[in-house]
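Coordinate inspection notes
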Amino acid sequence: MSERFPDAFLADKYAQFRSLAFHAALFTPALTAAMWSWEWGVDPAHAMDTLGLRIAMVLLSLVVPLSVKLYERSDVGAWLAALCTVLIEILLSVVHDRIANGALLGMPGFMFFYLLAPVVSFVFPLRVNVTLNVVLPVAPLALHAVSGVPVGFHVVAYSSAAFPAAAFVITGHFLAERALRQFFEARRLAAWRSAAIDKVAVPVFVANSEGLVEYANAAMMGLLEPSRNVVIGTPLDQLLDMSGAQAGLKNVEARVRNSTRNTWLLLSGTAVGRAGRAPSIVYVAQDVSAARAESDALRDAALTDTVTGLANRRAYDQQLARRHAQGGTLAVLFVDLDGFKAVNDSFGHDTGDALLKVIAQRLNRALRQGDLVARLGGDEFALIASIADGTDEARALAERLLRTISEPVHLTTETVKVGASVGVALSSTIQTDAHGLVRAADAAMYRAKASGKGRVVIAEAADYEAR
Ligand SMILES: Nc1nc2c(ncn2[C@@H]2O[C@H](COP(=O)(O)OP(=O)(O)OP(=O)(O)O)[C@@H](O)[C@H]2O)c(=O)[nH]1
């Protein structure tokens, strides 16, 4: 089996066949037409026309039965197809003779029987074909030699004309058979490869140079979830989010978009060239969702407070450093509950935990989009909020927090109530780094505790310097 691409192979064969046909077309009709004209005074243009029709029929007779034989693998089908073309040919001959007002087996019919031999004998090996094509034209001459039946000049002329025509047909038959066999085998192999790749458990897909998906095997379709029809021809970008991936083809991490699961793939791509086209990329994918979920969970655990589910101190420090570096006015709010120890002491640690969870939810609800609340430990919470209007806005926010914290908390068995002391440091007032802001908010919160609890204190420069 040739590994050549069927397109290139066929192009090659087509060129050979065309060159042969060109020479035969020059030689055969010219010779035949000359003889016809000489013998019967037939119009040469008309004669060539007739021969052109014959040649077209011969090509049809070659390709259709051969295709049936090679692709459907049916000799009976091939014979039936050949019979059909012969019947069509006879019909055409009859019609032609009626129009031309000639005998039933006039010139077209005569030529036909010489051309018929190689056509209908295509199912035989080449050697039989050649023999038939040599024997049939000389048969009238042999008959004459054996029986003395007179043979006119036109019979000799037709016999001579039949040889190049037969050569043309046999070569065409030979080339067409080879080309079709290669073509169908290549198609069968491609279909088999595609079916085999479809069956393997490893997800595989192909994207063309324009980023459109050309193929995805069953395993890949299972990961992408939508139906095959939707995927083929879809921009890869619509199916996979590769925005966080490193450049290149190897070890590319991609998230499946619109997935009901949080599916992550590790892709390895190979550029595969194609005749006359920009290379496509064949990707082999690995489902790394489980590993990714595990590492995400570890990262989340390292940044999350286990009791309340809020950000922990580490996450808070990271966020504050990032937000502070971005600029704009920030308010850092330190919230320490008042009377929390009494809840623990009276109702137990579990009730204390339940209370912390409710307070966390209330603080979360009181915040605006983009702000952050964290639990630093014990009964201490801290918030980061963007402030547009300075101290008054920060104070209003802090007082809103105080009010929501002080609402009674209805737990399963009891209702408890705590208060809070809040220290607020504004980056517009305290000109320092992120740590300095935290220290100032902490100091302001202590001042709130010291001056009677349940209140808000806005930090001044002295709070930062005092710590
Ligand atoms: N339930 C519970 N209690 C905790 C946790 N972490 C720390 N605590 C307790 O929280 C209490 C905090 O003490 P304090 O800050 O003195 O409590 P407070 O009654 O609010 O006192 P002030 O802050 O002075 O108003 C201590 O009793 C700690 O044991 C926790 O995760 N869960």
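Residues numbered from 1 in each chain as written. Predicted model: local features only at pLDDT ≥ 70, side-chain atom pairs only at ≥ 80, totals over all residues. Heavy atoms only, no water.

L337, K341, N344, D353 and D379 are the nearest of the 16 residues found near the ligand. Between the ligand and L337 there is a distance of 2.8 Å, counted from an oxygen atom to a backbone nitrogen or oxygen. In the environment of the ligand, an oxygen atom lies 2.9 Å from a nitrogen or oxygen atom belonging to the backbone of K341. Listed by contribution, the elements that provide at least two residues to the shell around the ligand are β7 (330–338), α12 (340–347) and α13 (349–366). Tallying contributions element by element places α13 first for the shell around the ligand, with four residues. The class makeup of the residues in the shell around the ligand is three nonpolar, five polar and eight charged. (Near = heavy atom within 4 Å. Polar contact = N/O pair within 3.5 Å; in protein donor to acceptor, adjacent residues only side chain to side chain. Helix = DSSP H or I, 4+ residues; strand = E, 2+ residues; numbered from the N terminus. Nonpolar A, V, L, I, M, F, W, Y, C, P; charged D, E, K, R; others polar.)

Turning to the pattern of salt bridges, a few remarks are in order. The final tally for this structure, using the stated rule, is 13 salt bridges. R299 serves as the salt-bridge partner of D296, at 3.6 Å between the closest nitrogen and oxygen. Within this pair, D296 and its partner R299 are both found in helix α10 (residues 289–303), separated by three residues, close to a single helical turn. The exposure class of D296 is buried, given its relative accessible area of 18%. A salt bridge links E393 to R368; the shortest N-O distance between them is 2.8 Å. Taken together, the residues span a long stretch of sequence, with E393 in helix α14 (residues 391–406) and R368 in the loop between α13 and β8 (372–377) at a distance of 25 residues. (Salt bridge = Lys/Arg side-chain N within 4 Å of Asp/Glu carboxyl O. Buried < 20%, exposed > 50% of the residue type's maximum accessible area, 1.4 Å probe, protein only.)

Attention now moves to the pairing of strand β9 (residues 380–386). The element β9 is extensively covered by neighbouring structure, given that six of its seven residues are classed as buried. Here seven bridges tie β7 to β9, and the two strands are oriented antiparallel to one another. From the neighbouring strand, F334 faces β9, where its bridge partner is A382. In the sheet, β8 pairs with β9 via five bridges, with the strands oriented antiparallel. When the sheet's bridge partners are listed, R375 is paired in β9 with F381. The turn joining β8 and β9, which pair antiparallel and follow one another in sequence, is formed by two residues; a positive phi near 50° is taken by G378. (Pairing = 2+ DSSP bridges.)

Another aspect to go through is the packing of aromatic side chains. This model, assessed by the stated rule, comprises two aromatic pairs. A ring pair is formed by F205 and Y283, whose centres lie 4.9 Å apart and whose planes are at 20°; its orientation type is stacked. One end of the pair, F205, is in strand β1 (residues 204–207); the other, Y283, is in strand β6 (residues 277–287), with 78 residues separating them in the sequence. Above the plane of the ring of W264 lies R292, whose end atom (NZ or CZ) is 3.5 Å from the centre. (Phe/Tyr/Trp six-rings, centres within 6.5 Å; stacked < 30°, edge-to-face > 60°. Lys NZ or Arg CZ within 6 Å of the ring centre and 35° of its normal.)

Attention shifts here to the confidence of the model for the chain. Confidence in the prediction of the chain, expressed as mean pLDDT, is 78, and 71% of residues score 70 or more. Across residues 1–6, confidence stays below pLDDT 50; counting only partners more than four residues off in sequence or on other chains, it has nine contacts. Scored below 50 in pLDDT, residues 101–106 makes eight contacts in the model with residues more than four places away or belonging to other chains. Among the scores for the predicted complex, ipTM is 0.96 and pTM is 0.50. (pLDDT = per-residue confidence, 0-100. Contact = heavy atoms within 4.5 Å.)

Turning our attention to unusual backbone geometry. The backbone phi angle of K453 is positive, close to 65°, even though this residue is not glycine. Summarising the element assignment, K453 is placed in the loop between α15 (434–450) and β13 (456–458).

A few words on the sheet that holds β13. Across the sheet, five strands lie side by side as β8-β9-β7-β12-β13; this open sheet has mixed pairing. Whereas interior strands pair on both sides, the edge strands pair on one side only; in this sheet they are β8 and β13. Strand-to-strand twist in this sheet, taken as the mean axis angle between neighbours without regard to direction, amounts to 20°. Alignment of strand β12 (residues 419–426) against β13, held across three bridges, turns out to be parallel. (Axes fitted to C-alpha atoms, helices over the stretch in contact; angles between N-to-C directions.)

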